[in-house]
Amino acid sequence: MFYYVLKYVVLGPVLRLLFRPVIEGAEHVPDDGAAIVAGNHLSFSDHFLMPAILKRRITFLAKAEYFTGPGVKGRLTAAFFRSAGQIPVDRSGKEAGRAAIREGLGVLGRGELLGIYPEGTRSHDGRLYKGKVGVAVMAIRAQVPVVPCAMVGTFEIQPPGRRLPRVKPVTIRFGEPLDFSRYAGLENEKAAVRAVTDEIMYAILDLSGQEYVDEYAAKVKEAAQAQQPGRFPKRPRRQRIRKR
(Lines give C-alpha, C1' and ligand atoms only; values in the text may rest on other atoms or scores of the structure.)
Protein backbone atom coordinates (compact mmCIF):
# COMPACT_ATOMS: atom_id res chain seq x y z
CA MET A 1 0.00 0.00 0.00
CA PHE A 2 2.68 2.53 1.00
CA TYR A 3 4.55 1.67 -2.23
CA TYR A 4 1.69 3.16 -4.26
CA VAL A 5 1.40 6.15 -1.96
CA LEU A 6 5.08 6.90 -2.64
CA LYS A 7 4.65 6.25 -6.35
CA TYR A 8 1.51 8.26 -7.06
CA VAL A 9 1.23 10.78 -4.21
CA VAL A 10 4.54 11.53 -2.47
CA LEU A 11 7.65 10.78 -4.53
CA GLY A 12 6.53 10.01 -8.07
CA PRO A 13 4.94 13.39 -8.91
CA VAL A 14 7.96 15.26 -7.50
CA LEU A 15 10.43 13.20 -9.54
CA ARG A 16 8.42 13.67 -12.71
CA LEU A 17 8.19 17.42 -12.13
CA LEU A 18 11.88 17.94 -11.34
CA PHE A 19 13.58 15.58 -13.80
CA ARG A 20 10.97 15.44 -16.58
CA PRO A 21 11.99 11.89 -17.50
CA VAL A 22 11.69 10.90 -21.15
CA ILE A 23 10.46 7.31 -21.39
CA GLU A 24 11.34 5.26 -24.46
CA GLY A 25 10.21 1.71 -25.15
CA ALA A 26 7.89 1.36 -22.15
CA GLU A 27 5.74 -0.97 -24.25
CA HIS A 28 8.52 -3.59 -23.99
CA VAL A 29 7.83 -4.08 -20.26
CA PRO A 30 5.18 -6.83 -19.94
CA ASP A 31 1.83 -5.74 -18.53
CA ASP A 32 1.65 -8.86 -16.37
CA GLY A 33 3.58 -12.00 -15.50
CA ALA A 34 7.12 -12.50 -14.24
CA ALA A 35 9.98 -10.67 -15.95
CA ILE A 36 13.39 -9.21 -15.16
CA VAL A 37 14.31 -5.61 -15.90
CA ALA A 38 18.12 -5.45 -16.10
CA GLY A 39 19.69 -2.00 -16.23
CA ASN A 40 22.86 -0.01 -15.93
CA HIS A 41 23.50 1.64 -12.58
CA LEU A 42 24.91 5.15 -12.66
CA SER A 43 23.39 6.94 -9.70
CA PHE A 44 21.63 6.59 -6.37
CA SER A 45 18.68 8.25 -8.12
CA ASP A 46 18.19 5.17 -10.30
CA HIS A 47 16.50 3.41 -7.36
CA PHE A 48 13.61 5.88 -7.49
CA LEU A 49 13.33 7.10 -11.07
CA MET A 50 12.60 3.75 -12.72
CA PRO A 51 9.87 2.68 -10.24
CA ALA A 52 8.33 6.13 -10.54
CA ILE A 53 7.76 5.83 -14.30
CA LEU A 54 6.74 2.17 -14.61
CA LYS A 55 3.06 1.27 -14.54
CA ARG A 56 3.77 -1.99 -12.69
CA ARG A 57 5.31 -2.41 -9.29
CA ILE A 58 8.96 -3.43 -9.52
CA THR A 59 11.04 -5.01 -6.76
CA PHE A 60 14.78 -4.38 -6.69
CA LEU A 61 17.53 -6.33 -4.97
CA ALA A 62 19.37 -3.66 -2.96
CA LYS A 63 22.55 -3.82 -0.94
CA ALA A 64 22.03 -4.68 2.72
CA GLU A 65 23.88 -1.55 3.88
CA TYR A 66 20.79 0.52 3.02
CA PHE A 67 18.90 -1.40 5.70
CA THR A 68 21.48 -1.51 8.49
CA GLY A 69 22.44 2.11 9.08
CA PRO A 70 22.78 3.28 12.70
CA GLY A 71 20.46 5.54 14.64
CA VAL A 72 17.15 7.12 13.69
CA LYS A 73 18.37 8.01 10.20
CA GLY A 74 19.34 4.41 9.55
CA ARG A 75 15.95 3.11 10.69
CA LEU A 76 14.11 5.66 8.56
CA THR A 77 16.22 4.79 5.52
CA ALA A 78 15.56 1.08 6.01
CA ALA A 79 11.82 1.67 6.39
CA PHE A 80 11.79 3.81 3.26
CA PHE A 81 13.60 1.21 1.13
CA ARG A 82 11.32 -1.57 2.32
CA SER A 83 8.25 0.55 1.58
CA ALA A 84 9.68 1.29 -1.87
CA GLY A 85 9.82 -2.43 -2.64
CA GLN A 86 13.55 -3.03 -2.11
CA ILE A 87 14.85 -6.37 -0.81
CA PRO A 88 18.12 -6.32 1.20
CA VAL A 89 20.89 -8.58 -0.11
CA ASP A 90 24.20 -9.11 1.65
CA ARG A 91 26.90 -8.74 -1.02
CA SER A 92 29.75 -10.08 1.12
CA GLY A 93 30.82 -13.69 1.58
CA LYS A 94 30.42 -16.83 -0.51
CA GLU A 95 26.67 -17.09 0.11
CA ALA A 96 25.93 -13.58 -1.15
CA GLY A 97 25.30 -14.60 -4.77
CA ARG A 98 23.13 -17.56 -3.79
CA ALA A 99 21.10 -15.41 -1.41
CA ALA A 100 20.44 -12.82 -4.13
CA ILE A 101 19.33 -15.54 -6.54
CA ARG A 102 16.99 -17.07 -3.96
CA GLU A 103 15.39 -13.70 -3.25
CA GLY A 104 15.06 -12.89 -6.94
CA LEU A 105 13.52 -16.25 -7.79
CA GLY A 106 11.01 -15.70 -4.99
CA VAL A 107 9.87 -12.45 -6.62
CA LEU A 108 9.64 -14.08 -10.05
CA GLY A 109 7.83 -17.08 -8.61
CA ARG A 110 5.03 -14.74 -7.53
CA GLY A 111 4.68 -13.52 -11.11
CA GLU A 112 6.13 -10.11 -10.31
CA LEU A 113 8.60 -7.74 -11.94
CA LEU A 114 12.20 -7.96 -10.68
CA GLY A 115 14.71 -5.17 -11.12
CA ILE A 116 18.42 -5.91 -11.07
CA TYR A 117 21.69 -4.17 -11.85
CA PRO A 118 23.95 -6.88 -13.34
CA GLU A 119 27.10 -4.81 -12.72
CA GLY A 120 26.55 -5.37 -9.00
CA THR A 121 27.42 -1.81 -7.99
CA ARG A 122 27.15 1.76 -9.23
CA SER A 123 29.58 2.81 -11.94
CA HIS A 124 32.10 5.21 -10.42
CA ASP A 125 33.04 6.80 -13.76
CA GLY A 126 29.98 6.52 -15.98
CA ARG A 127 31.19 3.52 -17.99
CA LEU A 128 29.37 0.19 -18.32
CA TYR A 129 31.10 -2.76 -16.70
CA LYS A 130 31.04 -6.54 -17.06
CA GLY A 131 27.87 -8.13 -15.71
CA LYS A 132 27.68 -10.73 -12.99
CA VAL A 133 25.99 -13.98 -13.95
CA GLY A 134 23.27 -14.03 -11.29
CA VAL A 135 20.82 -12.37 -13.70
CA ALA A 136 21.41 -15.17 -16.20
CA VAL A 137 20.90 -17.91 -13.60
CA MET A 138 17.56 -16.41 -12.59
CA ALA A 139 16.40 -15.84 -16.17
CA ILE A 140 17.19 -19.41 -17.20
CA ARG A 141 15.89 -21.10 -14.06
CA ALA A 142 12.64 -19.10 -13.93
CA GLN A 143 12.24 -19.12 -17.73
CA VAL A 144 11.30 -15.43 -17.85
CA PRO A 145 12.11 -12.67 -20.35
CA VAL A 146 14.76 -10.07 -19.60
CA VAL A 147 14.01 -6.46 -20.53
CA PRO A 148 17.21 -4.41 -20.94
CA CYS A 149 17.05 -0.88 -19.60
CA ALA A 150 19.34 2.14 -19.87
CA MET A 151 19.33 5.10 -17.52
CA VAL A 152 20.72 8.06 -19.46
CA GLY A 153 21.73 11.26 -17.69
CA THR A 154 21.50 10.04 -14.10
CA PHE A 155 25.29 10.00 -13.69
CA GLU A 156 25.34 13.69 -14.56
CA ILE A 157 22.59 14.60 -12.09
CA GLN A 158 24.00 12.60 -9.17
CA PRO A 159 27.46 11.07 -9.56
CA PRO A 160 28.94 9.07 -6.66
CA GLY A 161 29.65 11.32 -3.67
CA ARG A 162 26.99 13.90 -4.48
CA ARG A 163 24.24 13.98 -1.85
CA LEU A 164 21.55 15.92 -3.68
CA PRO A 165 20.88 15.46 -7.40
CA ARG A 166 21.06 18.28 -9.91
CA VAL A 167 17.75 19.15 -11.51
CA LYS A 168 18.14 18.08 -15.14
CA PRO A 169 16.08 15.95 -17.54
CA VAL A 170 16.89 12.24 -17.79
CA THR A 171 15.98 9.51 -20.27
CA ILE A 172 14.95 5.94 -19.43
CA ARG A 173 15.06 3.47 -22.34
CA PHE A 174 13.69 -0.06 -22.44
CA GLY A 175 14.69 -2.54 -25.12
CA GLU A 176 12.85 -5.51 -26.57
CA PRO A 177 12.56 -8.48 -24.17
CA LEU A 178 15.32 -11.07 -24.51
CA ASP A 179 14.24 -14.71 -24.66
CA PHE A 180 16.66 -17.28 -23.23
CA SER A 181 14.41 -20.35 -23.40
CA ARG A 182 17.01 -22.04 -25.62
CA TYR A 183 19.25 -22.28 -22.53
CA ALA A 184 16.65 -24.15 -20.44
CA GLY A 185 18.33 -26.45 -17.90
CA LEU A 186 21.78 -24.89 -18.39
CA GLU A 187 21.77 -22.47 -15.43
CA ASN A 188 24.67 -24.38 -13.84
CA GLU A 189 26.83 -24.30 -16.98
CA LYS A 190 29.44 -21.54 -16.79
CA ALA A 191 29.64 -21.00 -20.54
CA ALA A 192 25.86 -20.71 -20.85
CA VAL A 193 25.34 -18.19 -18.03
CA ARG A 194 28.30 -16.13 -19.24
CA ALA A 195 26.87 -16.03 -22.76
CA VAL A 196 23.43 -14.97 -21.49
CA THR A 197 24.91 -12.30 -19.21
CA ASP A 198 27.04 -10.86 -22.02
CA GLU A 199 24.02 -10.72 -24.33
CA ILE A 200 22.12 -8.77 -21.67
CA MET A 201 25.01 -6.37 -21.11
CA TYR A 202 25.44 -5.68 -24.82
CA ALA A 203 21.71 -4.97 -25.11
CA ILE A 204 22.07 -2.43 -22.28
CA LEU A 205 25.15 -1.00 -24.00
CA ASP A 206 23.24 -0.57 -27.25
CA LEU A 207 20.56 1.41 -25.41
CA SER A 208 22.88 3.52 -23.24
CA GLY A 209 25.74 4.31 -25.62
CA GLN A 210 28.23 4.03 -22.76
CA GLU A 211 31.84 2.98 -23.06
CA TYR A 212 32.11 -0.71 -22.16
CA VAL A 213 34.79 -2.17 -19.86
CA ASP A 214 35.20 -5.96 -19.84
CA GLU A 215 36.05 -6.03 -16.14
CA TYR A 216 33.99 -6.09 -12.96
CA ALA A 217 33.17 -2.62 -11.65
CA ALA A 218 33.98 -3.46 -8.04
CA LYS A 219 37.53 -4.55 -8.91
CA VAL A 220 38.20 -1.49 -11.07
CA LYS A 221 36.81 0.78 -8.35
CA GLU A 222 38.96 -0.90 -5.72
CA ALA A 223 42.08 -0.49 -7.87
CA ALA A 224 41.26 3.19 -8.47
CA GLN A 225 40.83 3.77 -4.75
CA ALA A 226 44.20 2.16 -4.07
CA GLN A 227 45.95 4.38 -6.62
CA GLN A 228 44.11 7.59 -5.70
CA PRO A 229 42.94 7.22 -2.09
CA GLY A 230 41.47 10.72 -1.93
CA ARG A 231 39.30 10.33 -5.01
CA PHE A 232 36.65 8.10 -3.49
CA PRO A 233 36.56 9.11 0.18
CA LYS A 234 34.66 6.99 2.64
CA ARG A 235 32.70 8.99 5.16
CA PRO A 236 33.48 7.81 8.70
CA ARG A 237 30.54 6.92 10.87
CA ARG A 238 29.79 9.33 13.65
CA GLN A 239 30.33 7.91 17.06
CA ARG A 240 27.84 8.66 19.76
CA ILE A 241 29.23 10.23 22.89
CA ARG A 242 27.43 9.05 25.95
CA LYS A 243 26.90 11.57 28.69
CA ARG A 244 27.94 10.42 32.10
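Provided above is the structure to which this section pertains.
Quick caveat: nothing in here was measured; it's all calculated off a predicted structure.

## Considerations on the overall build of the protein
In terms of helices and strands, the protein carries 8 helices and 9 strands. Split into buried and exposed, the 244 residues of the protein put 47% on the buried side. Considering only residue pairs separated by 6 or more positions, the protein has 79% of its internal contacts joining residues 24 or more positions apart. Accessible surface, the protein: about 13,700 Å² in total, of which carbon and sulfur atoms supply 54%.

## A short note on helix α2 (residues 46–53)
With 8 of 8 residues buried, α2 lies mostly within the body of the structure. Turning to α2, its buried residues number three or more, namely Asp46, His47, Phe48, Leu49, Met50, Pro51, Ala52 and Ile53.

## A word on the environment of glutamate 187
Structurally, glutamate 187 can be placed in the loop between β8 (171–174) and α7 (190–208). Sequence separation of glutamate 187 and alanine 136 is 51 residues, and the distance between their C-alpha atoms is 7.3 Å.

## Examining the packing of helix α5 (residues 134–142) against α7
Interhelical geometry of α5 versus α7 gives an angle of 105° and a closest axis separation of 8 Å. Between α5 and α7, the interaxial angle falls into the category roughly perpendicular. Residue-level inspection shows Val135, Ala136, Val137 and Ile140 of α5 in contact with α7, the latter providing Val193, Val196, Thr197 and Ile200. Grouping the constituent residues of the contact of α5 with α7 by class yields 7 nonpolar, 1 polar and no charged.

## Here's the deal with α7
Helix length check: α7, at 19 residues, gives a terminal C-alpha distance of 27 Å against a target of 27 Å (1.5 Å per residue), a fit within 8%. Among the residues of α7, Ala192, Val193, Arg194, Val196, Thr197, Ile200, Met201, Ala203, Ile204, Leu205, Leu207 and Ser208 are the ones counted as buried. Taken together, the buried residues of α7 touch β2 (35–39), β6 (128–129), α5, β7 (146–152), β8 and β9 (212–213). Downstream of α7 by a residue or two, glycine 209 has a phi angle that is positive, lying close to 75°.

## Things to note about the pattern of salt bridges
Taken as a whole and assessed by the stated rule, the structure comprises 7 salt bridges. The residue glutamate 199 makes a salt bridge to arginine 182 at a minimum N-O spacing of 2.9 Å. Of this pair, glutamate 199 sits in helix α7 while arginine 182 sits in the loop between β8 and α7, and the two are 17 residues apart along the sequence. On the basis of relative accessible area, glutamate 199 is assigned to the partly exposed category, the value being 31%. Its salt-bridge partner being arginine 194, residue aspartate 198 comes within 3.2 Å of it at the nearest N-O pair.

## Quick word on the sheet that holds strand β1 (residues 22–24)
Pairing within the open sheet is mixed, and its 7 strands lie in the order β1-β8-β7-β2-β5-β3-β4. Looking at strand neighbours, the two that pair on one side only are β1 and β4 (86–89), the edges of this open sheet. For this sheet, the mean inter-axis angle between neighbouring strands, taken without regard to orientation, is 25°. As paired elements, β2 and β7 share 4 bridges and run parallel to each other. Paired with alanine 38 across the strands is proline 148, a residue of β7.

About the criteria used
Residues numbered from 1 in each chain as written. Predicted model: local features only at pLDDT ≥ 70, side-chain atom pairs only at ≥ 80, totals over all residues. Heavy atoms only, no water. Helix = DSSP H or I, 4+ residues; strand = E, 2+ residues; numbered from the N terminus. Buried < 20%, exposed > 50% of the residue type's maximum accessible area, 1.4 Å probe, protein only. Contact = heavy atoms within 4.5 Å. Areas by Shrake-Rupley, 256 points an atom, 1.4 Å probe, with all protein chains shown as cover. Axes fitted to C-alpha atoms, helices over the stretch in contact; angles between N-to-C directions. Parallel < 35°, antiparallel > 145°, perpendicular 65-115°, else oblique. Nonpolar A, V, L, I, M, F, W, Y, C, P; charged D, E, K, R; others polar. Expected span 1.5 Å × (residues − 1). Salt bridge = Lys/Arg side-chain N within 4 Å of Asp/Glu carboxyl O. Pairing = 2+ DSSP bridges.

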